[in-house]
Amino acid sequence: MTDEPREAAWALNRREVLKLGVLAGAGATVASVGGARMAAAAEVDAPSDLNEKTILELQELMGRGELSAEGLLQFYLRRIRRLDQAGPRINSVIELNPDAMEIARALDRERETKGPRGPLHGIPILLKDNVDTHDTTQTASGSLALVGIPAPSQDSTVAAKL
């Protein structure tokens, strides 16, 4: 007997290869979603009602001392870790300001001594990475060619007005 029938049995046509690819992709997706759910469940969940609050409601909580800028920042950092870096891995946040926690603590101290500056006092803000900020955060617009080039000597108008 020759090996021809055996080779023919193992030969796949284009349609069968596509079917196998779809099945493999679906299997990987199911495994990924299951793993993400397990990872998210393993992490302690932050209060889920904070992500539904308006800025006005967050300010009211801070004004009553039920929430701090530091606590709100910690909530959002956990949420970014859970959604962006683990779980579904959205990868929407390129960089976080390394001084964010220090800034939040300073804003909490300022609220205690002088009161809030305005409606965004202590509210963490994410900026698109094409908005220049005069700090250590990269504003490279997602381009490797701009990495390491510092922002001008001041914040962009958009960042300054915030």
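Our structure is the block above this text.
This one's a predicted model, so the numbers in the text were calculated from it and none came from an experiment. (Residues numbered from 1 in each chain as written. Predicted model: local features only at pLDDT ≥ 70, side-chain atom pairs only at ≥ 80, totals over all residues. Heavy atoms only, no water.)

## Here we look at the overall build of the protein
Operational definition: Numbering of helices and strands starts at the N terminus; helices are DSSP runs of H or I of at least 4 residues and strands are runs of E of at least 2. It only takes one pair of heavy atoms within 4.5 Å for two residues to be counted as in contact. In this description, accessible areas are obtained by the Shrake-Rupley approach with a 1.4 Å probe, and a residue is regarded as covered only by the protein chains that are shown.
Counting secondary structure elements, the protein contains six helices and zero strands. Its helices and strands taken in sequence order, the protein reads α-α-α-α-α-α from the N to the C terminus. A sequence separation of at least 24 residues applies to 56% of the contacts in the protein between residues at least 6 apart. Surface summary for the protein: the accessible area is close to 11,900 Å², and the carbon and sulfur share equals 58%.

## Concerning the nonpolar core
Formally: Nonpolar core, defined: a set of buried Ala, Val, Leu, Ile, Met, Phe, Trp, Tyr and Cys residues in which side-chain atoms within 4.5 Å join the residues together. Each residue is placed in one exposure class: buried if its accessible area under a 1.4 Å probe, protein chains only, is under 20% of its type's maximum, exposed if it is over 50%, and partly exposed if it falls in between.
Core analysis: the biggest nonpolar cluster contains eight residues, these being Leu 50, Leu 58, Leu 61, Met 62, Leu 67, Leu 72, Phe 75 and Ile 123. Of all the elements in the fold, those that place two or more residues in this core are α3 (55-63) and α4 (69-85).

## Brief notes about helix α5 (residues 100-114)
Filter applied, for reference: Expected span of a helix: the number of residues minus one, times 1.5 Å.
In a regular helix each residue adds 1.5 Å, so 15 residues correspond to 21 Å; α5 covers 20 Å between its end C-alpha atoms and thus fits that length. By the burial criterion, the buried members of α5 are Met 101, Ala 104, Leu 107, Asp 108, Glu 110 and Arg 111. Buried residues in α5 make contact with α3 and α4. Directly after α5, the chain includes Gly 115, whose backbone phi takes a positive value near 90°.

## Let's talk about the packing of aromatic side chains
How we decide: Stacked, edge-to-face and tilted labels apply to pairs of Phe, Tyr and Trp rings (six-membered ring for Trp) whose centres lie within 6.5 Å, assigned for plane angles under 30 degrees, over 60, and everything in between, in that order.
This structure, assessed with the given rule, holds one aromatic pair. Pairing Phe 75 with Tyr 76 gives two aromatic rings, centres 5.1 Å apart and planes at 65°, and the pair type is edge-to-face. The exposure class of Phe 75 is buried, given its relative accessible area of 4%. Overall, the relative accessible area of 24% leaves Tyr 76 in the partly exposed class.

## Observations regarding the pattern of salt bridges
This is how the line gets drawn: Basic side-chain nitrogens of Lys or Arg form a salt bridge, by our definition, when they fall within 4 Å of a carboxyl oxygen of Asp or Glu.
In the structure shown here, the tally under the stated rule is four salt bridges. Across the pair Glu 70 and Arg 105 runs a salt bridge, and its minimum N-O distance is 3.2 Å. Of the two residues, Glu 70 is situated in helix α4 and Arg 105 in helix α5; the sequence distance between them amounts to 35 residues. Residue classification places Glu 70 among the partly exposed residues on the basis of a relative accessible area of 22%. Exposure remark for Arg 105: the relative accessible area of 40% places this residue in the partly exposed category. Linking Glu 110 and Arg 117 is a salt bridge whose minimum nitrogen-to-oxygen distance equals 2.7 Å. Overall, the relative accessible area of 18% leaves Glu 110 in the buried class. What makes Arg 117 exposed here is its relative accessible area of 64%.

## Quick look at α4
The first and last C-alpha atoms of α4 sit 23 Å apart over 17 residues, in line with the 24 Å expected at 1.5 Å per residue. Along α4, the residues that are buried comprise Ala 69, Leu 72, Leu 73, Phe 75, Ile 80, Arg 82 and Asp 84. Count one or two residues on from α4 and you reach Gly 87, which has phi positive near 55°.

## Digging into unusual backbone geometry
With a phi angle near 50°, Arg 89 is a residue other than glycine that sits in the positive phi range. On the secondary structure map, Arg 89 appears in the loop between α4 and α5. Notably, Asn 91 is not glycine yet its phi reads approximately 55°, a positive angle. Within the secondary structure, Asn 91 is located in the loop between α4 and α5. On the basis of relative accessible area, Asn 91 is assigned to the exposed category, the value being 58%.

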